[in-house]
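Each chain, letter by letter, is given below.
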Amino acid sequence: MKKAVRYIGYTFQDCYRAFPRFFVLTYLLDGTGTACEVFVPLLLARILELAGEGQGGKELAAVIGLYGLALACGPVLEVFFRASSKRARVLGKKYFGSRLAVFSAKIRLEALEDPDTLDKFHRAEGGENSQFIFFEQVNLALRKLATCGGMMMVVGRYSPVLVVTGLLALLPALSTKIYFEKKITSFRRGQSPVLRRCQYLRGLFANRETVKEMRVMGFEGHVTQRWEEANRARLKEFQETELDVRRKQVWGIIVMSVCYVVNIGVAFFLMAGGRISVGAFAACLAAFSAYDASIQMLIAMVFNAVHTYRMVEDYYDYFTIPTEVEGDLEYRPFEEKIAVQDVHFRYSGAAGEALDGLTCEIKKGEHVVVVGENGSGKTTFSKLLTGAYLPSRGSISYDGQRTEDLRRGSLYEHISVVPQDFVRYRFTLGENVGISSLKRMGDTKAMEELLAQVAGEGFLEKVGGLDVQLGREFGGQELSGGEWQKVAIARGLWKRSSIVVLDEPTSALDPLVEYEILSRFVEMIQDRTSVIISHRVEICRSADKIIVMKDGRMVECGKHQELLAREGEYARIWREQAKWYV
């Protein structure tokens, strides 16, 4: 309950921030519209009373005029409200979408390894503009509640019995709506993993590379079948839930209709007994008619609001995901060494540790190559080295400055990374390289020289220059996998950082081409500290230090010739790969 109150408070607070004018206007229009609705049956009763008494003249004309004005007020206000609502919806979508994007950029990368985080994001995206919808539904429900209260006051003037019978109509429909909401919400939340699976499988058919592989290998039918099975199971469960709910709704509607008939019968009985006038009976009919319409709208809005609240809850629940932990210290560029002391790290849901007591050091200006077989912990080490992940135990420190104690942004300013799974931005070639250091984006000469060094002299001419759009999705030039990797390496080098980390940056290239590029890379960063993560060992000959990893630990450390002489893990890997370079 406390959580619901807190999230509803967040919703109204954020709605005011997103569209303050519409927020205030809503309550002004709702108050005016409700007052007009309540006065309609009273004015009708007065008209009939004056007509029955044979009185006309100015008073009757004035009451008729007010009656017509009250009837017209609602539709006019509704038109004005809807026109303002459209702009408010756009402002709300912008505000809540922006909050979601800004927060997502701060989430701890470790959390993104957890499927539950992805499910939460999927649900939060679905509830991105649910706050605006919830705001409208709650206010409409409050307006209809006020209208129902006003109509009960109208009929209560004539008999308390009419109030009791009127309130009885509320209970059955409300209870069935609440039951409906609980069932649907439970179904929707339980379906998040299945929906993500369906979207993933369907998305495979929109990706050029996956479609090409599926067709050539002949398993597109299998993927289609997997999607159909997942979708069929989802639809079956939905139909069963929907049928169960609709059966219970029918009984609620029947009871509500009976109560409405009873209300009219009681009012007629009172009129026939002379306890209320014909005008009062007409007022009761109008009040019950408005009450019946309002109560149905009220219940629908309460149900919809409760249902939408679950989406609001999903949205705000997303903001409980752990964000990047910021230290209090500003990073000072290190002058001596990076010390890795007994570092342990385990991914969420993993059976074992990715790093199991890793200890090593990297001196300033060293060119270090980290090698080891797949699964040895090399990539995880690179993530912790840059501060992207924090150790579960142990520490990584830059001249004694532990990564968990540092303001992460101040550390990132001095680090450049070319990840294993580099991103192929569908921007221009110049943007693809320049986004790592936006301040230097306009230095086209330096960018052209860098690309020539990394990708070769003829690369720019072949592609079409820095301004060429990359990616066929937007009608641009498509690059090969190796060319995209060269662009990613250039992006990493474009940032003038003192530390450069390359995590398997040339895995899509031929081993000989890889050696050529990495050798050129080492020449270009002589004044920086570099760490190259690789499962290939040819580049190790030019390294100042080689760190050999196995099962999340450093098992050897030294130079190329030293490690070969030891006849250990490094020598074994070298011999296995030597045939590639013969």
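Residues numbered from 1 in each chain as written. Predicted model: local features only at pLDDT ≥ 70, side-chain atom pairs only at ≥ 80, totals over all residues. Heavy atoms only, no water.

## Points about the overall build of the chain
Operational definition: Secondary structure elements follow DSSP: runs of H or I of four or more residues count as helices, runs of E of two or more count as strands, with numbering from the N terminus. Any pair of residues with heavy atoms lying within 4.5 Å of one another is described as a contacting pair. All accessible areas in this document rest on Shrake-Rupley with a 1.4 Å probe, and a residue is counted as covered only by the protein chains that are shown.
Scanning the chain from terminus to terminus reveals 20 helices and 10 strands. Excluding contacts between residues fewer than 6 apart, the proportion of contacts in the chain whose partners are at least 24 apart in sequence is 75%. Carbon and sulfur atoms provide 58% of the accessible area of the chain, an area that totals close to 29,300 Å².

## A short note on the pattern of salt bridges
We apply this condition: Salt bridge, as used here, is a side-chain nitrogen of Lys or Arg placed within 4 Å of a carboxyl oxygen of Asp or Glu. Partly exposed describes any residue whose relative accessible area lies between the buried limit of under 20% and the exposed limit of over 50%, with all areas from a 1.4 Å probe on protein chains only and scaled to the type maximum.
In total, this model carries 21 salt bridges according to the counting rule given. Here Lys550 makes a salt bridge to Glu569, at a shortest N to O gap of 3.8 Å. In this pair, Lys550 is assigned in strand 9 (residues 545–550) and Glu569 in helix 20 (residues 569–577), connecting sequence segments 19 residues apart. Take Glu569: its relative accessible area is 11%, and that puts it in the buried class.

## Focus on the packing of helix 1 (residues 2–18) against helix 11 (residues 278–318)
How two helices pack is summed up by the angle between their axes together with the distance between the axes. To be explicit about the condition: Note on geometry: axes are lines fitted to C-alpha atoms, helical ones only across the stretch in contact, with angles between N-to-C directions running from 0 to 180 degrees. Every angle not falling under 35 degrees, over 145, or within 65 to 115 is termed oblique; those three ranges are roughly parallel, roughly antiparallel and roughly perpendicular. Nonpolar residues are Ala, Val, Leu, Ile, Met, Phe, Trp, Tyr, Cys and Pro. Charged residues are Asp, Glu, Lys and Arg, and all others, Gly as well, are polar.
In contact at an axis separation of 10 Å, helix 1 and helix 11 are set at 85 degrees when each is read in the N-to-C sense. The pairing of helix 1 with helix 11 is recorded here as roughly perpendicular in orientation. Each of Lys3, Ala4, Tyr7, Ile8, Tyr10, Thr11 and Asp14 in helix 1 lies in contact with helix 11, whose residues at this interface are Tyr309, Val312, Glu313, Tyr316 and Asp317. When its residues are assigned to classes, the contact of helix 1 with helix 11 shows seven nonpolar, one polar and four charged.

## Notes on the environment of Val501
Checked against the element boundaries, Val501 lands in strand 7 (residues 499–503). Here Val501 falls in the buried class, since its relative accessible area comes to 1%.

## Quick notes on unusual backbone geometry
Here Asp551, not a glycine, exhibits a phi torsion of approximately 55 degrees, which is positive. Looking at the element boundaries, Asp551 is found in the loop between strand 9 and strand 10 (553–558). For Asp551, a relative accessible area of 57% corresponds to the exposed category. Its identity is not glycine, yet Glu567 carries a phi of approximately 55 degrees, on the positive side. Within the element layout of this structure, Glu567 appears in the loop between helix 19 (560–566) and helix 20.

## Observations concerning the packing of helix 15 (residues 444–455) against helix 17 (residues 481–494)
Worth spelling out the cut-off: In this scheme the crossing of two helices becomes right-handed for a clockwise turn of the near helix relative to the far one and left-handed for an anticlockwise turn of less than a right angle.
Put simply, helix 15 and helix 17 touch, their axes get as near as 9 Å, and they point 130 degrees apart. Our classification of the angle between helix 15 and helix 17 gives oblique. Here helix 15 and helix 17 pass one another in a crossing that is right-handed. Along the contact surface, helix 15 presents Ala446, Met447, Leu450, Leu451, Val454 and Ala455, while helix 17 presents Lys486, Ile489, Ala490, Leu493 and Trp494.

## Here's the deal with the packing of aromatic side chains
The test is simple: The rule is short: rings of Phe, Tyr and Trp, with Trp giving its six-membered ring, pair when the centres are within 6.5 Å, and they are stacked under 30 degrees, edge-to-face over 60, tilted in between. Charge over a ring is defined by NZ of Lys or CZ of Arg lying within 6 Å of the ring centre and within 35 degrees of the ring normal.
The final tally for this structure, using the stated rule, is 32 aromatic pairs. What links up through ring pairs into an aromatic cluster is the set Tyr7, Tyr10, Tyr95, Phe96, Phe103, Phe121, Tyr315, Tyr316, Tyr318 and Phe319. Above the ring of Phe334, the side-chain terminus of Lys364 is found at 5.6 Å from the ring centroid. Lying over the aromatic face of Trp494, Arg440 brings its terminal NZ or CZ to 3.8 Å of the ring centre.

## Section: the nonpolar core
Rules: Side-chain atoms within 4.5 Å are what join buried Ala, Val, Leu, Ile, Met, Phe, Trp, Tyr and Cys residues into a set we call a nonpolar core.
Counting 45 residues, the largest nonpolar core has Leu429, Leu451 and Tyr570 as its most contacted members. A total of seven residues in this core trace back to one element, the largest contributor, which is helix 17. In terms of nonpolar packing, the next biggest core, distinct from the first, is built from 39 residues, Leu43, Leu60, Leu77 and Phe134 among them.

## Describing the sheet that holds strand 5 (residues 401–402)
Heads up, the rule is: Think of it this way: DSSP has to see at least two bridges between two strands before they count as a pair.
If you trace the four strands from one edge of the open sheet to the other, you get 2-1-4-5, paired in antiparallel fashion. The sheet terminates laterally at strand 2 (355–363) and strand 5, the two strands that pair on one side only.

## Side note on the layout of surface pockets
Applied cut-off: For cavity detection a 1 Å grid was placed over the protein atoms alone, and a set of points counts as a cavity when a 1.4 Å probe fits there but cannot get out; an open set counts as a pocket when protein lies on both sides within 12 Å along at least five of seven lines, with lining residues being those that have an atom within 4 Å of a point. Grid points are joined across faces, edges and corners, and a volume is the space filled by probe spheres set on the points.
Counted as a void, the largest pocket has a volume near 1,100 Å³. Lining the largest pocket are 33 residues, and of these Leu109, Val417, Val418, Pro419 and Tyr425 sit closest to its centre. Secondary-structure elements contributing two or more residues to the lining of the largest pocket are helix 12 (378–385), strand 6 (415–418), helix 17 and strand 7. It is strand 6 that provides the largest number of residues to the lining of the largest pocket, a total of four residues. Class assignment for the residues of the lining of the largest pocket results in 17 nonpolar, eight polar and eight charged.

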